[in-house]
Amino acid sequence: MELTTQQLQRVEHYLDKKNITYIDVRFEVLDHIVSDIETKMEDKKLDFETVFYTVMDKWNIHLKQTSSWLYGIAYSAPKIVMKKVNNNFRKWFLISNSLMILLSMIESRIDLSVSEGTQLFLTNSLVIINIISFFILVFFMTKNSKTKEKTSYSFILKTQSLGGLIAFFAIIFSGIIEGITPIYSFTFMSIAITYIYSHFLKKHKEAIKKYKIS
């Protein structure tokens, strides 16, 4: 039994109230809810109103607002959205931060004293790399800010806005300022953040193309 246009609008309104505005998640949830309602109406011979409230009770727990340690309490989303973004982002977070910590430990234990000429070369190289990385990241952020559509990937991109600040610190701690000890692991983190941002920006664009209805 297919739902009427008015009944579908009821479901859409429910998703609006639950802040399911991420088009990839919304498409999937809408499909599941509609299928669930239609099946129960058909199998149990119940009216739409009865089935609607039963199904909504079932979905309320999945659509409750929640946060994650990956992003902090400043960022929240419906539970089903958070689950999807965590699954997509967790491995990138763990790998990049583990490598950052490992490089920092190596950096603190190894004598990195070099000749003045070598230090100048390293400083110039790091400055160039970090400046390029910084401007590429800013370019990607600017490009993303012009996109109105929201996907689960855009949530990840939003949480990475501090990446620009880290990239800026990478420039400062590359040895360009006299008296400030270079922290080479910052350069790795700057490059990693830029790459991760570009990866999820690509996923975001692909999701818009796949789910957006013209």
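Keep in mind the model is a prediction, meaning the values are calculated, not measured.

Focus on the overall build of the protein chain
Assigned secondary structure in the protein chain consists of eight helices and two strands. Reading the protein chain from its N terminus to its C terminus gives the helix and strand order α-α-α-β-β-α-α-α-α-α. Buried residues in the protein chain amount to 37% of all 214 residues. For the protein chain, the accessible surface area stands at approximately 13,100 Å², while carbon and sulfur atoms represent 62% of it.

Comments concerning the packing of aromatic side chains
Tallying each qualifying case throughout the model produces 16 aromatic pairs. Considering the side-chain rings of Phe 134 and Phe 135, the 5.5 Å spacing of their centres and the 75° angle between planes classify their relative orientation as edge-to-face. Feature note: the residues Tyr 22, Trp 69, Tyr 71, Tyr 75, Phe 89, Trp 92, Phe 93, Tyr 153, Phe 155, Tyr 195 and Phe 200 constitute an aromatic cluster, connected by ring pairs. Directly above the aromatic system of Phe 52 lies the positively charged group of Arg 10, at a separation of 4.6 Å from the ring centroid.

With respect to the side chain of Gln 160
By secondary structure assignment, the location of Gln 160 is in the loop between helix 6 (152-159) and helix 7 (163-176). Take Gln 160: its relative accessible area is 19%, and that puts it in the buried class. Aside from chain neighbours lying at most four places away, what touches Gln 160 is Phe 89, Met 141 and Tyr 197.

Section: a nonpolar patch on the surface
There is a patch of nonpolar side chains on the surface, built from Ile 95, Leu 99, Leu 102, Leu 103, Ile 106 and Ile 110 and spanning about 500 Å² of accessible area. When its relative accessible area of 44% is taken as the criterion, Leu 102 is described as partly exposed.

Some words on the pattern of salt bridges
The full count for this structure, using the stated rule, is eight salt bridges. Between Asp 36 and Lys 40 there is a salt bridge, and its shortest N-O distance comes to 2.8 Å. Taken together, the residues Asp 36 and Lys 40, both in helix 2 (residues 23-44) and four residues apart, mark about one turn of the helix. Note on Lys 40: relative accessible area 23%, which makes it partly exposed. Salt-bridge contacts for Asp 36 lead to Lys 58; the nearest nitrogen and oxygen are separated by 2.9 Å. Here Asp 36, found in helix 2, pairs with Lys 58, found in helix 3 (residues 48-60); they are 22 residues apart in sequence, far enough to count as distant. Through salt bridges with shared partners, one network takes in Glu 12, Asp 16 and Arg 26.

Some points on the layout of surface pockets
Using a probe with the size of a water molecule, rolled over the atoms, empty space left in the structure can be pinpointed. Taken as a whole, the largest pocket holds about 320 Å³ of empty space. Lining the largest pocket are 16 residues, with Phe 89, Phe 93, Thr 159, Gln 160 and Ile 166 positioned closest to its centre. Where the lining of the largest pocket is concerned, the elements lending two or more residues are helix 4 (79-109), helix 7 and helix 8 (184-211). Residues that form the lining of the largest pocket fall into these classes: 11 nonpolar, five polar and no charged.

A word on the side chain of Thr 194
By secondary structure assignment, the location of Thr 194 is in helix 8. Within the structure, Thr 194 has its side chain in polar contact with the side chain of Ser 133 (distance 2.8 Å). A polar side-chain atom of Thr 194 sits 3.0 Å from the main-chain carbonyl oxygen of Ser 190. In contact with Thr 194, not counting residues within four places along its chain, are Ser 133, Ile 136, Leu 137 and Phe 140.

Reading guide: rules and limits
- Residues numbered from 1 in each chain as written.
- Predicted model: local features only at pLDDT ≥ 70, side-chain atom pairs only at ≥ 80, totals over all residues.
- Heavy atoms only, no water.
- Helix = DSSP H or I, 4+ residues; strand = E, 2+ residues; numbered from the N terminus.
- Buried < 20%, exposed > 50% of the residue type's maximum accessible area, 1.4 Å probe, protein only.
- Areas by Shrake-Rupley, 256 points an atom, 1.4 Å probe, with all protein chains shown as cover.
- Phe/Tyr/Trp six-rings, centres within 6.5 Å; stacked < 30°, edge-to-face > 60°.
- Lys NZ or Arg CZ within 6 Å of the ring centre and 35° of its normal.
- Contact = heavy atoms within 4.5 Å.
- Patch = residues over 30% accessible without salt bridge, like charges linked within 9 Å, V, L, I, M, F, W, Y side chains within 5 Å.
- Salt bridge = Lys/Arg side-chain N within 4 Å of Asp/Glu carboxyl O.
- 1 Å grid on protein atoms, 1.4 Å probe; cavity = no way out; pocket = protein on both sides within 12 Å on 5 of 7 lines; lining within 4 Å.
- Points joined across faces, edges and corners; volume = space filled by probe spheres on them.
- Nonpolar A, V, L, I, M, F, W, Y, C, P; charged D, E, K, R; others polar.
- Polar contact = N/O pair within 3.5 Å; in protein donor to acceptor, adjacent residues only side chain to side chain.

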